[in-house]
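# Architecture and fold: a report
Residue strings, one per chain:
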Amino acid sequence: MPVKIKPDLSAAFWRNYFRIYDRLAATRTNRRLIGRAVDYLRVGPGEAYLDLGCGTGNSTAEIVRRGGEVLGLDLSTFGLTRAQTKVPKAGFVKADMDQSLPLAPGSLSGALAINSLYLSHRPEQVLGEVFVILKPGGRLVISNPRRGAFPQKILEEELQLEKEYLQMRYDWLNAKIRLAVKTAIRLADFAVFLPFQLVLKQESPHFEHAEFWGTRAKAAGFSIESVDNTLYGGQNDTLVLVKPLR
Ligand SMILES: C[S@@+](CC[C@H](N)C(=O)[O-])C[C@H]1O[C@@H](n2cnc3c(N)ncnc32)[C@H](O)[C@@H]1O
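Residues numbered from 1 in each chain as written. Predicted model: local features only at pLDDT ≥ 70, side-chain atom pairs only at ≥ 80, totals over all residues.

### Considerations on the overall build of the chain
The helix and strand inventory of the chain stands at nine helices and seven strands. Its C-alpha atoms give the chain a radius of gyration of 18 Å, near enough to 18 Å, the size a compact globule of 246 residues would have. With respect to the principal axes defined by its C-alpha atoms, the chain has extents near 60 × 50 × 35 Å. Per-residue burial for the chain yields a buried fraction of 37% across its 246 residues. Contacts in the chain between residues at least 24 apart in sequence constitute 69% of all its contacts with a sequence separation of at least 6. (Helix = DSSP H or I, 4+ residues; strand = E, 2+ residues; numbered from the N terminus. Rg over C-alpha atoms; globule rule 2.2 N^0.38 Å. Buried ≥ 20, exposed ≤ 12 C-beta atoms within 10 Å, placed from the backbone. Contact = placed C-beta atoms within 7 Å.)

Below is the structure:
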């Protein structure tokens with residue numbers, strides 16, 4: 001049976017993507033995803049971490065904020081340039097995660113891959129390599145959109161979180177007006193972003209279920225500590241993977 005090999009998404013795709021991406025990265029739903037994923041990483045002050053497919057550095061910034069030393073790795077020069085400006089304390093490297101990872105065995109306390117591992121063409125190899133570069137007891141947190149994920153659920157969660165915030169902060173009328181304005185802004189943001197998401201959905205090699213990631217993580221040697229399917233409007237599966245002590 002012929003195998004259709006999809007081309008890699010181009011540098012131009014990511015450049016245009018990142019021009020609008022940071023507007024959505026600032027949403028409450030995305031900040032909740034990053035916050036929870038970094039909680040799962042259990043950042044220790046001065047410990048070393050890898051942010052795999054770091055993009056413009058939003059999760060990198062959160063690890064630094066909690067005292068970790070981070071190396072952000074990404075293919076996109078445009079994303080890395082933004083990340084460097086945003087998080088001057090972190091190190092950054094331009095590399096393809098599908099090639100070998102430029103880190104020594106046993107050198108990291110943890111690694112994070114938010115919305116990036118599903119873009120890998122060789123997830124088994126990447127999981128195997130991360131396993132090797134982690135210290136025993138080290139943690140890998142991966143969060144990927146599930147097969148059949150609905151982007152509108154992410155928007156729904158965003159508006160719900162915004163509503164809860166505004167209701168706490170403002171009187172009834174003020175909260176209503178502000179929510180109406182915020183809804184219009186977010187609808188426009190999501191509408192502009194939708195074509196990019198559709199391309200990602202078509203081109204990404206691995207829009208998969210949690211079982212897919214769990215099976216491959218176990219084959220690489222990890223134990224699965226937990227699976228969280230509540231984040232990003234309930235559209236992402238977030239797995240907490242641990243390298244056993246021995
Ligand atoms: C959807 S963005 C997520 C960025 C970031 N993790 C976040 O949550 O804000 C996916 C990122 O993965 C990167 N990426 C895709 N394929 C990659 C590869 N083979 N090696 C390294 N980075 C890759 C892209 O350049 C992009 O920055």
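### Considering helix α8 (residues 210–220)
The set of residues buried in α8 consists of W213, A217 and A220. For α8, the arc enclosing every buried residue in end-on projection is 60°, short of the 170-degree limit, so these residues lie on one face. The exposed set on the far side of α8, more than 90 degrees from its buried face, consists of E211 and A219. Where α8 is buried, its residues meet α5 (123–133), β5 (134–145), β6 (223–228) and β7 (236–242). Where α8 terminates, the next one or two residues include G221, which has phi positive at roughly 115°. (Arc of directions from axis to C-beta.)

### A few points about the confidence of the model for the chain
Any residue range with low pLDDT should be treated as having predicted coordinates unsuitable for detailed reading. A residue-level look at the chain finds 96% of positions with pLDDT of 70 or above and a mean pLDDT of 91. Across residues 1–7, where pLDDT falls below 50, the model places two contacts with residues more than four positions away in sequence or in other chains. (pLDDT = per-residue confidence, 0-100.)

### Digging into the packing of helix α6 (residues 151–169) against helix α7 (residues 172–203)
Contact geometry of α6 with α7 gives a least axis separation of 10 Å together with a crossing angle of 160°. When the interaxial angle is binned, α6 and α7 end up roughly antiparallel. Crossing geometry of α6 relative to α7 is assigned as right-handed. Within the contact between the two elements, α6 uses P151, L155, E158, L159, E162, K163, L166 and Q167 and α7 uses A175, R178, L179, K182, T183, R186, F190, L194 and Q197. Of the residues assigned to the contact of α6 with α7, the class counts are eight nonpolar, three polar and six charged. (Axes fitted to C-alpha atoms, helices over the stretch in contact; angles between N-to-C directions. Parallel < 35°, antiparallel > 145°, perpendicular 65-115°, else oblique. Left-handed = near helix turned anticlockwise from the far one by under 90°. Nonpolar A, V, L, I, M, F, W, Y, C, P; charged D, E, K, R; others polar.)

### Side note on the packing of helix α2 (residues 28–41) against α6
One can describe the packing of α2 onto α6 by two numbers: an axis separation of 8 Å at closest approach and a directional angle of 95°. In terms of orientation, α2 lies roughly perpendicular with respect to α6. Contact residues: R28, T29 and R32 in α2; I154, E157, E158, L161, E162 and Y165 in α6. Of the residues in the contact of α2 with α6, the class split is three nonpolar, one polar and five charged.

### Focus on the pairing of strand β3 (residues 91–94)
Taken together, the four bridges between strand β2 (residues 69–74) and β3 define a ladder with parallel strand orientation. Following the sheet pairing, G72 is matched in β3 by F92. (Pairing = 2+ DSSP bridges.)

### What about the environment of D189?
One can find D189 in helix α7. Linking D189 and L101, residues 88 residues apart in sequence, is a C-alpha distance of 34 Å. Setting aside its immediate chain neighbours within four residues, D189 contacts R23 and L24.

### Some remarks on the pairing of strand β4 (residues 108–114)
Counting buried residues in β4 gives seven out of seven residues, a clear majority hidden from the surface. As defined by bridge partners, strand β1 (residues 48–52) adjoins β4 across three bridges and the pair is classed as parallel. Paired with D51 across the bridge in β4 is L112. The pairing of β4 with β5 spans six bridges and is classified as parallel. From the neighbouring strand, A113 faces β5, where its bridge partner is I142.

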